[in-house]
Amino acid sequence: MDKETHIQSELFRILVVDDSADAREVIQTHLEDEGYAVRTCSCVEEALQLITSSVFDLIITDLRMPRVSGLELVQYVRNNLKDVEIMMITGHPSIEGAVEAIKTGAEHYLAKPFTERELLEAVRSIVEKMTRQRLAHGESLSGQSYGIIGASASMQQVFKLIGKAGDTSATVNISGESGTGKELVARSIHYAGKRRSAPFVPVNCTAIPENLIESELFGHVKGAFTGAGTARSGFFAIADGGTLFLDEIGDASLALQAKLLRAIQEKTIYKVGSSSAVQIDTRMICATNKNLVQLIDKGLFREDLYYRINVIDISLPPLRERGDDLLLLINHFRAKFAKDLGHPVPSFSDEALQHLMAYHWPGNVRELENLVQKLVLMCEGETIDLMDLPSTLKPTVSITKRLDRSLAEYEAEYIREVLASVQGNKTRAAAILKIDRKTLREKLR
Ligand SMILES: Nc1ncnc2c1ncn2[C@@H]1O[C@H](COP(=O)(O)OP(=O)(O)OP(=O)(O)O)[C@@H](O)[C@H]1O
Ligand SMILES: [Mg+2]
């Protein structure tokens, strides 16, 4: 596989619809080992729900399923979603089936039984075709195209904002806990827009000493201060025509904030030691993991600057609120690091996955990325198991011990806590509790 196709495959989202759990698992395993982001479901009804709440590039569906046939799904997708390819698979290969599938709009057809190679080749040719089409259309690049993984509704909203922000030069403020992808989003906005051929210049407001920051940002003239032997341009000028990324803006001093405000309002800067204004066309993107509104209340952040930088406001949800994105990210990093290291792609045991899903992820995507990298590096067999996980990775559920309650009360509270820890996702809760969803539903009743 050439490099470009591989990059695409990592970001390619596939939904597998099949009523046979075995078939689903086999297909999912093969596709995930190639680095595709895969979700599965067992019927057309569930598929329809998933495709309205998440984005997919390809839907692989079985033809014959109880109640609603795969053809209905094909028809729905063809009528309602463009840019989604469909591949029909069937265990009853018949000419009629194939003809009907293709008439309905499933361009691709795969007869069971198929080998892993046949499946991957079919999918690969679809990926290549879509990549060519998208490049040919000069498609405006969404977050997905820059390696930001996420199918959850909240991340889809972020991708929309990235697209919108890329089209303008309005100032953007990105907020979110540490490790949620703020810098990744800032870069995507720059590279998604018309400024992409000019520089993206990241500056961390906390990393530069207070007495130097002004000259670093705005530049200085020769002899402006002791040590300024030669004139220098600052980051604003270097990013002219492009984007200045001001990271940790919440830590900027009030003095610096006043100068930034002037730069934004007047679109001009003054070099240290000079009184002549220099015109700049630098787009600013700011990021912070602090709550700027609270800082304003404490008098530590200028309200006028806040409104100036908050023209487009992107807030990144913590990983624990992104639902199944966690699984997509695990697969993405697992394939990526295995490839980097030249290792075979390991799989995760169900128990290990359950633990990862139940964890609180205070360090968000960065923490997950580092962990998966370490696990892939250390993995000696084919599977990463519960015992391979660090001991710190305990579920966040805490049960206060009280010795005066009935077993039923105790159980009810435990179930509620588990559910809360996974944002009410019953599938994940059932996985943690090691009961099936039906049992969980009964217990909830
Ligand atoms: N949705 C995502 N898909 C893929 N990789 C991601 C995603 N979000 C974050 N990452 C990766 O996680 C790491 C942390 O992301 P990034 O540095 O952008 O976070 P941040 O919010 O700026 O963190 P901090 O607050 O610590 O500065 C990076 O390696 C980034 O590539
Ligand atoms: Mg950052």
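Bear in mind the structure is a predicted one, so any value in this text is a computation, not a measurement. For every chain, the first residue of the written sequence is number 1, and numbering continues from 1 along that sequence. Whichever chain is written first is A, and whichever ligand is written first is 1; the rest continue in order. Two thresholds apply to this predicted model, a pLDDT of at least 70 for residue-level local features and 80 or more for giving and counting side-chain atom pairs, whereas whole-chain, interface and lining totals are computed over all residues. The basis for every side-chain value is the complete set of non-hydrogen atoms in the structure, without hydrogens or water.

(A) Inspection of a nonpolar patch on the surface at higher detail. Like charges within 9 Å and nonpolar side chains (Val, Leu, Ile, Met, Phe, Trp, Tyr) within 5 Å are joined into patches, using only residues over 30% in relative accessible area that form no salt bridge. In these tables, accessible area is a Shrake-Rupley quantity obtained with a 1.4 Å probe, and a residue counts as shielded only by the protein chains included in the view. The salt bridge criterion pairs a side-chain nitrogen of Lys or Arg with a carboxyl oxygen of Asp or Glu, the two atoms within 4 Å. A surface patch of nonpolar side chains, amounting to about 290 Å² of accessible area, comprises L341, L377 and M378. Each helix is a run of DSSP H or I of at least 4 residues and each strand a run of E of at least 2, with the numbering of both proceeding from the N terminus. Residue position: L377 is located in helix 16 (residues 364-378). For L377, a relative accessible area of 47% corresponds to the partly exposed category. Residue burial is assigned from relative accessible area. The probe radius is 1.4 Å, only protein chains are included, and a residue is buried under 20% of its type maximum, exposed over 50%, and partly exposed in between.

(B) Region of interest: empty space enclosed by the protein. Think of a 1 Å grid over the protein atoms and nothing else: a 1.4 Å probe that fits but is trapped marks a cavity, an open set flanked by protein within 12 Å on at least five of seven lines marks a pocket, and residues with an atom within 4 Å of a point count as lining. Grid points are joined across faces, edges and corners, and a volume is the space filled by probe spheres set on the points. One pass over the structure, following the stated rule, counts two cavities of 30 Å³ or more. The computed volume of the largest cavity comes to approximately 50 Å³. If you trace the largest cavity, you find it lined by L319, R320, G323, L326, M357, Y359, W361, S421, Q423 and R428. Lys, Arg, Asp and Glu make up the charged group, whereas Ala, Val, Leu, Ile, Met, Phe, Trp, Tyr, Cys and Pro make up the nonpolar group; the residues left over, Gly among them, are polar. Taken together, the residues that form the lining of the largest cavity break down as five nonpolar, three polar and two charged. Looking at the second largest cavity, its volume works out to about 40 Å³.

(C) Layout of the sheet that holds strand 11 (residues 283-288). Reading across from one edge, 7-8-11-6-12 is the order of the five strands in this open sheet, with parallel pairing throughout. Looking at strand neighbours, the two that pair on one side only are strand 7 (200-204) and strand 12 (312-315), the edges of this open sheet. Between one strand and the next, the sheet's axes are offset by a mean angle of 20°, whatever the strand orientation. Here the rule is simple: two strands pair whenever DSSP picks up at least two bridges between them. Pairing of strand 7 with strand 8 (residues 243-247), which is carried by five bridges, proceeds in the parallel orientation. Across the sheet, the residue bridging to V203 is L246, located in strand 8. Contact criterion: two residues are considered in contact whenever any of their non-hydrogen atoms come within 4.5 Å of each other. All axes are obtained by fitting lines to C-alpha atoms, using only the stretch in contact for helices, and the reported angles, taken between N-to-C directions, cover 0 to 180 degrees. Strands in contact with helix 7 (residues 153-167) are strand 6 (172-175), strand 11 and strand 12; relative to strand 12, the strand with the most contacts, it is inclined by about 150°.

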